[in-house]
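# Observations on the three-dimensional arrangement
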2 protein chains.
Amino acid sequence: MDHITLDRCCIHTITTRPWTLPEAVENYAAAGVKGISVWQNAIEGIGPHRAGELIRQAGLDVVSYVRGGFFPHTSSAGRAQAIDHNKKLLEEAAALGAPLIVLVCGASPDQSLETSREQIREGIEAILPLAEKLNVKLAIEPLHPMYAADRSAINTLGQANDMAEIFQSSYVGVAVDVYHLWWDGDLEKEIARCGANGNLLAYHVCDWKVKTVDMLNDRGLMGEGCINLKKIRSWVESAGFDGYCEVEIFSDIHWAKDQHQFLKEVTGAFIEKV
Amino acid sequence: MDHITLDRCCIHTITTRPWTLPEAVENYAAAGVKGISVWQNAIEGIGPHRAGELIRQAGLDVVSYVRGGFFPHTSSAGRAQAIDHNKKLLEEAAALGAPLIVLVCGASPDQSLETSREQIREGIEAILPLAEKLNVKLAIEPLHPMYAADRSAINTLGQANDMAEIFQSSYVGVAVDVYHLWWDGDLEKEIARCGANGNLLAYHVCDWKVKTVDMLNDRGLMGEGCINLKKIRSWVESAGFDGYCEVEIFSDIHWAKDQHQFLKEVTGAFIEKV
């Protein structure tokens, strides 16, 4: 497997949350990072169009816009509102110049996971025509089973592949995030499956800390945990993926650091560990 | 599905952790509970033989002894020590009069999950002759994927079934715990699978709190969370299981309560929600 360089490094703005978008763009570009995935909060006050210009002027690629989804609700009004919100996100993604939006699909503790999955299918179906019109792809991101109660009823890559394949559209695929999927005995097989049918749209990296103290904001920098990142990248590349490896870390510990120092750690860990 | 009564209620001693074993036995029996699963810490200072007498004198059944396993280690010395420890636990289980021990199989963050699974297989193979001799069964308990780093490399009922079926022995089966498995889209199918081949040895209940704040000690009382307990019990019973429903709750919040009050909540929730 090839040694990886920063030419394939993308960073999610949430990773360096204390920075504004202009700070993130300037510092990522100066560090030799080539891609940026933009969280919605990062463009507040700037707007998607101006944010896209700023990013391209710095020589960075917009890799994804994060994040749509959250389709399931027990009320039809709630589901309709979610669809409208996702359409707005698609318009923003197009204005930003993002080729895809990531879908954290959603779940409701007040109904079965099967019902939530059916509502996710309906939600994707409702926004797909706009996605095609705007040329923005939809990447279904399976979330770790510990988020099944209220964040996502799609908890394995197998389920995400099942969902994506329903649509038979080049505008619906999956995002593979090692944090959510590293434990799954079927991961290699399911990565090959989405690669083979053109549905492997994005690859996210971080690490799983053995002593995780917070279920949401204690992700590890690559190398801080137990995920075999090089093995999983080899599966992703064997499946034909040659896009960006996106660093997406939510961490109270890392956010509390000087972000210049942290960015050095991120780029160093990317080259060594990914 | 039948309305459930306390005749099928077993409680794990860990659920009322502040109580000593004699307190737990006296209070469970007085509440109409019929079974008890004994954690190793509960018999410290009493010993398994005397503990078993105490339990039977109160009219309770010993349902299981908890817990063996933790077979994987990077060193062969560590693995040999784990096997010895499990043999000691089997002797204790037999002295206690427990028909089975629960296996939390273990994992090591310093090796692959595949390697850990192979070491689990070797560990079970090494203790199986003693289990047969002592007439104590081994129940492989799959743990939630959030414990894959260092507690168990067996994270779905499918994996537990695969492991159990290797041995083709009536002394190796699985324990189904809703906390670990509720999210799994294959759960109904895998429950039917272990039921059909006689491997469904135990059924554990509690609840998954939507806002779980601690990955280990924030389990919910039945009804506090989002698990459809009645549906899963219907699957277990359709698979032929008619044994105890074992209440196993680790909860800093519930342990901090008056345990008499908590026991009333447990028995009430058992009748209403399980």
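From a predicted model like this one, the values you see are computed outputs, not experimental measurements. (Residues numbered from 1 in each chain as written. Chains lettered and ligands numbered in written order. Predicted model: local features only at pLDDT ≥ 70, side-chain atom pairs only at ≥ 80, totals over all residues. Heavy atoms only, no water.)

### Observations regarding the overall build of chain A
Across its full length, chain A holds 10 helices and 8 strands. For chain A, the C-alpha radius of gyration of 17 Å lies close to 19 Å, the compact-globule estimate for 274 residues. Principal-axis analysis of the C-alpha atoms places the extent of chain A at approximately 45 × 40 × 35 Å. Taken over 274 residues, chain A has a buried fraction of 60%. In chain A, 79% of the contacts between residues at least 6 apart in sequence involve partners at least 24 apart. Total accessible area on chain A stands at roughly 10200 Å², and carbon and sulfur atoms take up 49% of it. (Helix = DSSP H or I, 4+ residues; strand = E, 2+ residues; numbered from the N terminus. Rg over C-alpha atoms; globule rule 2.2 N^0.38 Å. Buried < 20%, exposed > 50% of the residue type's maximum accessible area, 1.4 Å probe, protein only. Contact = heavy atoms within 4.5 Å. Areas by Shrake-Rupley, 256 points an atom, 1.4 Å probe, with all protein chains shown as cover.)

### Quick notes on the packing of aromatic side chains
Tallied over the entire structure, the rule returns 9 aromatic pairs over all chains. Arranged with centres 6.5 Å apart and planes meeting at 55 degrees, the rings of Trp19 of chain A and Tyr28 of chain A form a pair that is tilted. Both residues of the pair, Trp19 of chain A and Tyr28 of chain A, belong to the buried class. Ring geometry for Tyr179 of chain A and Trp208 of chain A: centres 5.0 Å apart, planes at 35 degrees, overall tilted. Here the residue Tyr179 of chain A occupies a position in helix 6 (residues 178–181), and Trp208 of chain A occupies one in the loop between strand 7 (200–205) and helix 8 (229–238), the gap between them amounting to 29 residues. A single burial state applies to Tyr179 of chain A and to Trp208 of chain A, both of which are buried. Through successive ring pairs, a cluster of aromatic residues spans Tyr179, Trp182 and Trp208 of chain A. Sitting over the ring of Trp255 of chain B, Arg17 of chain B keeps its end group 3.8 Å from the ring centre. Arg219 of chain B extends its terminal NZ or CZ atom over the ring of Tyr179 of chain B, reaching a point 4.4 Å from the ring centre. (Phe/Tyr/Trp six-rings, centres within 6.5 Å; stacked < 30°, edge-to-face > 60°. Lys NZ or Arg CZ within 6 Å of the ring centre and 35° of its normal.)

### Some points on the interface of chain B and chain A
Counting residues at the interface gives 24 residues for chain B and 24 residues for chain A. Summed over both partners, the interface of chain B with chain A buries about 1900 Å², with 68% contributed by carbon and sulfur atoms. If you look at where chain B meets chain A, you find 2 salt bridges. Salt-bridge contacts for Asp150 of chain A lead to Lys211 of chain B; the nearest nitrogen and oxygen are separated by 2.6 Å. At the junction of chain B and chain A, the tally comes to 2 residue pairs in polar contact (both at pLDDT 80 or more). Tallying contributions element by element places helix 4 (residues 113–134) of chain B first for the side of chain B that touches chain A, with 3 residues. (Buried area = accessible area lost by both parts, 1.4 Å probe. Salt bridge = Lys/Arg side-chain N within 4 Å of Asp/Glu carboxyl O. Polar contact = N/O pair within 3.5 Å; in protein donor to acceptor, adjacent residues only side chain to side chain.)

### Focus: the relation of the copies chain B and chain A
Taken together, a rotation about one axis and a shift along it account for how the two chain copies relate. When chain B is fitted to chain A, the best match, at an RMSD of 0.0 Å, comes from turning it 180 degrees and sliding it 0.0 Å along the axis. In short, the pair behaves as if placed about a two-fold rotation axis. Taken as a fraction of all interface residues of chain B, those also at the interface in chain A reach 100%, which identifies the copy contact as same-surface. (Least-squares fit on C-alpha atoms with pLDDT ≥ 70 in both.)

### Here's the deal with the sheet that holds strand 8 (residues 245–247) of chain B
Residue and element names in this part refer to chain B. Pairing within the closed barrel is parallel, and its 8 strands lie in the order 1-2-3-4-5-6-7-8. Geometrically, the sheet is characterised by an average inter-axis angle of 30 degrees between neighbouring strands, direction not taken into account. Summarising the sheet, strand 6 (residues 172–177) and strand 7 (residues 200–205) pair through 4 bridges and their orientation is parallel. By the bridge assignment for strand 7, Asp177 is matched with His204. (Pairing = 2+ DSSP bridges. Axes fitted to C-alpha atoms, helices over the stretch in contact; angles between N-to-C directions.)

### What about unusual backbone geometry?
Following Val66 of chain A, the chain continues into Arg67 of chain A via a peptide bond in cis, with omega recorded as 5 degrees. With respect to the element layout, Arg67 of chain A can be found in strand 3 (residues 61–69). The backbone phi angle of Phe70 of chain A is positive, close to 50 degrees, even though this residue is not glycine. With respect to the helices and strands, Phe70 of chain A occurs in the loop between strand 3 and helix 3 (76–96). In this structure Phe70 of chain A comes out as partly exposed when scored by relative accessible area, which is 29%. Even without being a glycine, Asn135 of chain B presents a positive backbone phi close to 60 degrees. Relative to the elements of secondary structure, Asn135 of chain B occurs in the loop between helix 4 and strand 5 (137–140).

Interpretation note: all reported values are geometric properties and have no functional meaning in isolation.
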